[in-house]
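Architecture at a glance
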Amino acid sequence: MKLLIACELPESAQQSLRQLAPEVLYQPDWTAARDGRLLDNVSILIVGSARVSVETIRQARALQLIVHAGCGPGDIAIEEASAQGIFVAHCPDKHAAAVAELTFGLMLALDRRIVDHAIALREGRWSRGALADARGLAGRTLGVLGYGTIGRLLARRARAFDMRVLAWVPLRAGEPPAEPDVTFCNWPRELARQSDCVAVLAVEPPGQILVDQEFLASLPIGAYLIHVGYPGAADEAALARAVEQRRLRLALDVFSSEPTGDSGRFRNRLCDLPGVIATPHIGPLTEQARAATAAEVVRIVQAYVVSGEVLNALNLAERSPAKWQLVLRVRDQVGVMASILEAVRADGINAQEIISRVFTGAKAASCTIALDERPSTEAVEAIRQIPDVLHLELRAVV
């Protein structure tokens with residue numbers, strides 16, 4: 001098994017991975033366009049921000065597993081990976097503490113005008129009176145737009161500052177979790193109307209505009225807004241108008257259009273507006289987050305190499321679309337499964353999923369075979385007549 005590490009990982013994580021695979025390549029600056037040949041015979045690919053395109057996946061004939069050393073699919077062509085039978089896994093929530101810390105730091109910076117004061121002193125100006133309009137966070141209301149692991153950590157920090165916490169989650173996320181001292185709103189604008197400060201966090205699936213003109217008009221004049229969610233979750237033109245017309249205090253760590261690498265030229269109108277604090281998507285970039293992510297990468301690879309289990313898989317169906325199941329008890333003998341599947345094949349039916357567990361002593365096994373159609377009476381009877389089939393039950397999937 002050959003493994004390619006195509007992102008920065010600590011030496012300790014590299015050493016752990018070398019114990020799991022006989023051949024490990026470390027190319028942290030790998031790109032498919034320049035180094036595609038390195039994928040020859042690679043079974044496991046670990047990437048950070050590198051693009052894994054449709055063409056790359058099609059050409060990597062030996063590839064079995066792609067691990068994104070981050071949250072979500074990154075820049076991986078996940079639909080093509082699914083079509084080629086390649087697992088895609090990720091490292092969810094390992095950056096949560098880092099993003100929550102940055103969010104709260106930006107909130108404090110907005111309130112106390114920390115950046116403006118620092119710039120003034122750097123320019124030789126003592127502007128203590130002109131910028132002394134901090135309101136203080138104690139007793140204020142924080143609205144968390146998108147409430148998950150990061151939201152919980154942020155709410156914990158806000159409560160330590162004696163802030164009231166509101167939250168909103170999309171309806172598709174199900175019932176909001178029961179959280180102490182967190183009030184859930186039914187609609188984003190309901191949250192906006194009651195919040196002195198709003199933190200825009202990631203909401204699944206990405207692509208939804210959460211902060212638009214109507215949302216911003218619902219905020220109190222002079223409110224604070226910190227955007228650390230998905231790029232594109234906020235209407236940037238509407239944000240600019242709110243800064244100019246409604247005295248919105250704004251901090252952003254993400255933008256609708258960002259450079260693909262870690263360095264390069266970048267311009268955005270919001271960065272030029274007075275009082276706006278902008279950072280270059282640094283939310284996940286702490287030593288603690290990097291260490292946690294690296295440990296999760298090792299855990300994912302270890303589980304796959306040792307047991308074939310794919311942890312944090314992004315492209316496995318939650319349940320098979322099969323409509324019928326064969327539930328069997330069989331003797332643990334050579335050829336019994338082949339005989340069963342041959343009877344299914346002869347009936348023109350596709351076996352979509354097979355789960356088999358062996359009992360203590362390895363004399364018998366329990367097996368469930370998911371089928372896309374109901375097998376004929378003749379096929380079921382043919383399976384029952386196989387000598388090593390101890391029991392068979394046909395079930396409709398509800």
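Keep in mind it's a predicted model, so treat the numbers as computed, not measured.

Definitions and cut-offs
- Residues numbered from 1 in each chain as written.
- Predicted model: local features only at pLDDT ≥ 70, side-chain atom pairs only at ≥ 80, totals over all residues.
- Heavy atoms only, no water.
- Salt bridge = Lys/Arg side-chain N within 4 Å of Asp/Glu carboxyl O.
- Helix = DSSP H or I, 4+ residues; strand = E, 2+ residues; numbered from the N terminus.
- Buried < 20%, exposed > 50% of the residue type's maximum accessible area, 1.4 Å probe, protein only.
- Core = buried A, V, L, I, M, F, W, Y, C linked by side-chain atoms within 4.5 Å.
- Disulfide = S-S within 2.5 Å.
- Arc of directions from axis to C-beta.
- Contact = heavy atoms within 4.5 Å.
- Axes fitted to C-alpha atoms, helices over the stretch in contact; angles between N-to-C directions.
- Parallel < 35°, antiparallel > 145°, perpendicular 65-115°, else oblique.
- Nonpolar A, V, L, I, M, F, W, Y, C, P; charged D, E, K, R; others polar.
- Pairing = 2+ DSSP bridges.

Some details on the pattern of salt bridges
Scanning all chains against the criterion turns up 14 salt bridges. Measuring nitrogen to oxygen at the nearest pair gives 3.2 Å for the salt bridge that ties Arg113 to Asp133. Here Asp133 lies in the loop between helix H6 (114–122) and strand S6 (141–145) and Arg113 lies in the loop between helix H5 (96–112) and H6, a separation of 20 residues in the sequence. Asp133 sits in the partly exposed class, given a relative accessible area of 33%. Glu244 is paired through a salt bridge with Arg269; the nearest N and O atoms lie 3.1 Å apart. Of the two residues, Glu244 sits in helix H10 (residues 236–245) while Arg269 sits in the loop between strand S11 (249–252) and strand S12 (277–278), which places them 25 residues apart along the sequence. Among the charged side chains, a salt-bridge network with shared partners connects Arg113, Asp116, Asp133 and Arg249.

Examining the nonpolar core
Counting residues in hydrophobic clusters, the biggest one holds 32 residues, and the most contacted among them are Met107, Leu142, Val144 and Ile226. Looking at this core element by element, the count peaks at ten residues for H5. Formed by 29 residues, the second largest nonpolar core is a distinct cluster that contains Trp168, Val211, Leu225 and Leu239.

What about the state of the cysteines?
Disulfide: a covalent bond connecting the sulfur atoms of a pair of cysteines. Taken as a whole and assessed by the stated rule, the structure comprises zero disulfides. Sulfur of Cys71: no disulfide; nearest cysteine sulfur belongs to Cys91 and is 8.9 Å away. Under the relative-accessibility criterion, Cys71 is labelled partly exposed at 35%. In this model Cys185 remains outside any disulfide bridge; the closest cysteine sulfur is found in Cys197, 14 Å from its own. For Cys185, a relative accessible area of 7% puts it in the buried group.

A short note on helix H12 (residues 336–346)
Because the α-helix completes a turn every 3.6 residues, residues three or four places apart line up on one side. Those residues of H12 not exposed but buried are Val336, Ile340, Ala343 and Val344. Buried residues along H12 cover an arc of 100° about the axis, so they all sit on one side. In H12, those exposed residues whose orientation departs by more than 90 degrees from the buried face are Ala338, Arg345 and Ala346. The secondary structure elements touched by the buried residues of H12 are strand S13 (324–331), strand S15 (364–371), helix H13 (377–384) and strand S16 (389–396). Of the residues flanking the end of H12, it is Gly348, one or two places downstream, whose phi is positive at about 75°.

Digging into the packing of helix H1 (residues 11–18) against helix H11 (residues 287–307)
Where H1 contacts H11, the two axes come as close as 9 Å, and the packing angle between them is 5°. In terms of axis orientation, H1 runs roughly parallel to H11. For the pair formed by H1 and H11, the contact residues are Ala13, Ser16 and Leu17 on the first element and Ala294, Val298 and Val301 on the second. Of the residues in the contact of H1 with H11, the class split is five nonpolar, one polar and no charged.

Here we look at the pairing of strand S1 (residues 2–6)
Taken across its five residues, S1 has five buried, putting it largely inside the fold. Along S1, one buried face is formed by Lys2, Leu4 and Ala6 and the opposite face, lined by Leu3 and Ile5, is buried too. Bridging between S1 and strand S3 (residues 42–47) involves five bridges; their strand directions are parallel. Its bridge partner being in S3, Leu3 is matched across the sheet by Ile44. Summarising the sheet, S1 and strand S2 (residues 23–26) pair through four bridges and their orientation is parallel. Across the sheet, the residue bridging to Leu3 is Val24, located in S2.

Spatial relationships are all this shows, so hold off on functional conclusions.
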